[in-house]
Amino acid sequence: MKRLSVLLLSLSPFCSVAAPIRLGIIGADTSHAPALARLLANHPDARVVAAFKGGSPDVEASRTRVDRFAEELKSQYGVRLVGSIDELLQEVDGVLLLSVDGRRHLEQARKAFAAKKPVFIDKPLASRWPDVEEIARAAGGIPWFTSSALRYGALAAMKSPGAAGYVVWAPAPFEEHHEMDLSWYGIHGVELLFTLMGTGCEEVTRVASKDADVVVGRWRDGRLGTVQLRRPESDYGVLVFEGKGFRASDPKARAVDYAPLLEAIVGFFKTGRPPVPNEESLEIFAFIEAAQRSKAAGGTPVRLPVAKLR
């Protein structure tokens, strides 16, 4: 028994468990902040240790919720609230940039990149196309990624290798300060379309009315992908066209589930490899920008802009 104890002690340095990755939240003005903190509360690989409240006084969805969500982080999940992003960056290994206002993301991401911290950027990546380009440029090799939770939800399982195309429908309320209006909430439907279709979209046509948008993308291989967006409320769903027929998603399927997204986020901070390639995220927002231009031009087809990263 004594020999066994000595052997176990000699092996202990090789059996030690790495400490959880320390994550910090920038922007407590979204329900995603307490949702992710809850999922990470007992996670073996990562936990939220600090948060910068942030907030945007001119955005109702931020102004009316930021104090409540910040208090929830503190009282329910033991997250320390700090007074600045600089203070937060001194305490963490990685950043969850969750600010609900996409206009804030460029400035906030720059600070994280300057501190050499990998960053998950919640939707929307940015509110305008030049900011999308600048975020990618400012990273300077620091790992980052962005994604909607729908990429990892039940509807993503509708992907079919032989599909001729897809129609996705989703809600898309607007927020007046976001120049790319589909970036605010329409990003969910667009991201789901790209999850199913993959990259390679070349041209977008958008026809909009007061209560709906129909956005059609033409892929370079000839496939068409459509997002039908309803305002203010809609369920999520998918039609996949296969052969001479089609399949529709189960209307009872749960569209949004943060747990699979959370595991993708933790995997990202462990490996430094974005689970969604940055090039795909840029194409998604190029799609949204082209849709904005098509809407402004009365439905004229618009080619996707190419990100200028130098």
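Preceding this paragraph is the structure being described.
Now for a description of the structure that goes with this document. (Residues numbered from 1 in each chain as written. Predicted model: local features only at pLDDT ≥ 70, side-chain atom pairs only at ≥ 80, totals over all residues. Heavy atoms only, no water.)

**Overview of the pattern of salt bridges**
Any two side chains of opposite charge can pair if their charged atoms end up close together. Put simply, the rule is: Within this document, salt bridges are pairs made up of a side-chain nitrogen of Lys or Arg and a carboxyl oxygen of Asp or Glu, the two lying within 4 Å of each other. Each helix is a run of DSSP H or I of at least 4 residues and each strand a run of E of at least 2, with the numbering of both proceeding from the N terminus. For each residue, the accessible area found with a 1.4 Å probe, counting protein chains only, is set against the maximum for its type, and the residue is called buried under 20%, exposed over 50%, and partly exposed in between.
On inspection of all chains with the given rule, the structure shows 24 salt bridges. Across the pair Asp-58 and Arg-103 runs a salt bridge, and its minimum N-O distance is 2.8 Å. Taken together, the residues Asp-58 in the loop between β2 (46-52) and α3 (60-63) and Arg-103 in the loop between β4 (94-97) and α6 (105-114) connect sequence positions 45 residues apart. Here Arg-103 falls in the partly exposed class, since its relative accessible area comes to 24%.

**Quick word on the pairing of β2**
Where we set the bar: Any two strands between which DSSP finds at least two bridges are classified as paired. Note on handedness: a crossover is taken as right-handed if, strands pointing away from the viewer, the path from the first strand over the helix to the second is clockwise.
Most of β2 sits inside the fold, with six of its seven residues counted as buried. Of the strand pairs in this sheet, strand β1 (residues 21-26) and β2 are connected by six bridges, and their pairing is parallel. Looking at the pairing, Ile-21 lines up with Ala-46 of β2. Each parallel crossover has a hand, and for β1 linked through helix α2 (residues 32-40) to β2 it is right-handed. Relative to strand β3 (residues 80-82), β2 is paired through three bridges, and the arrangement is parallel. The partner of Phe-52 across the bridge, within β3, is Val-82.

**What to know about the sheet that holds β2**
The strands making up a sheet associate through hydrogen bonds between their backbones, and the pairing can be parallel or antiparallel. The criterion, for reference: Axis definition: a line fitted to C-alpha atoms, limited for helices to the stretch in contact. Angles are taken between N-to-C directions and run from 0 to 180 degrees. In this analysis, two residues are considered to be in contact whenever any of their non-hydrogen atoms come within 4.5 Å of each other.
In spatial order, the strands read β3-β2-β1-β4-β5-β6; together these six strands make up an open sheet with parallel pairing. Pairing within the sheet leaves two strands with one partner each, and these edge strands are β3 and β6 (144-146). For this sheet, the mean angle separating the axes of adjacent strands, direction not counted, is 25°. Two elements, β1 and β4, share four bridges in a ladder whose sense is parallel. Bridging from a neighbouring strand, Gly-24 pairs with Val-95 of β4. Of the strands in this sheet, β1, β2 and β4 touch α2, which is tilted by about 150° from β2.

**A look at the packing of helix α8 (residues 187-197) against helix α10 (residues 278-296)**
Applied cut-off: Comment on the angle field: the value is read as roughly parallel under 35 degrees, roughly antiparallel over 145, roughly perpendicular from 65 to 115, and oblique elsewhere. Less than a right angle of anticlockwise turn of the near helix away from the far helix marks a crossing as left-handed, whereas a clockwise turn marks it as right-handed. Under the convention adopted here, Pro, Cys and the residues Ala, Val, Leu, Ile, Met, Phe, Trp and Tyr are nonpolar, Asp, Glu, Lys and Arg are charged, and Gly plus all remaining residues are polar.
For the pair α8 and α10, interaxial distance at closest approach is 10 Å and the crossing angle is 125°. The orientation of α8 relative to α10 falls into the category oblique. In this structure, α8 meets α10 at a crossing whose hand is right-handed. Residue-level inspection shows Ile-187, Val-190, Glu-191, Leu-193 and Phe-194 of α8 in contact with α10, the latter providing Glu-280, Glu-283, Ile-284, Phe-285, Phe-287 and Ile-288. Of the residues assigned to the contact of α8 with α10, the class counts are eight nonpolar, no polar and three charged.

**Quick look at the packing of α6 against helix α7 (residues 129-139)**
It is the contact of α6 with α7, at a shortest axis distance of 10 Å, that shows an interaxial angle of 0°. The orientation of α6 with respect to α7, classified from their angle, is roughly parallel. Between α6 and α7, the residues in contact are His-105, Leu-106, Arg-110 and Phe-113 and Asp-131, Glu-134, Ile-135, Ala-138 and Ala-139, respectively. For the contact of α6 with α7, the class distribution of residues is five nonpolar, one polar and three charged.

Geometric values such as these leave the question of function open.
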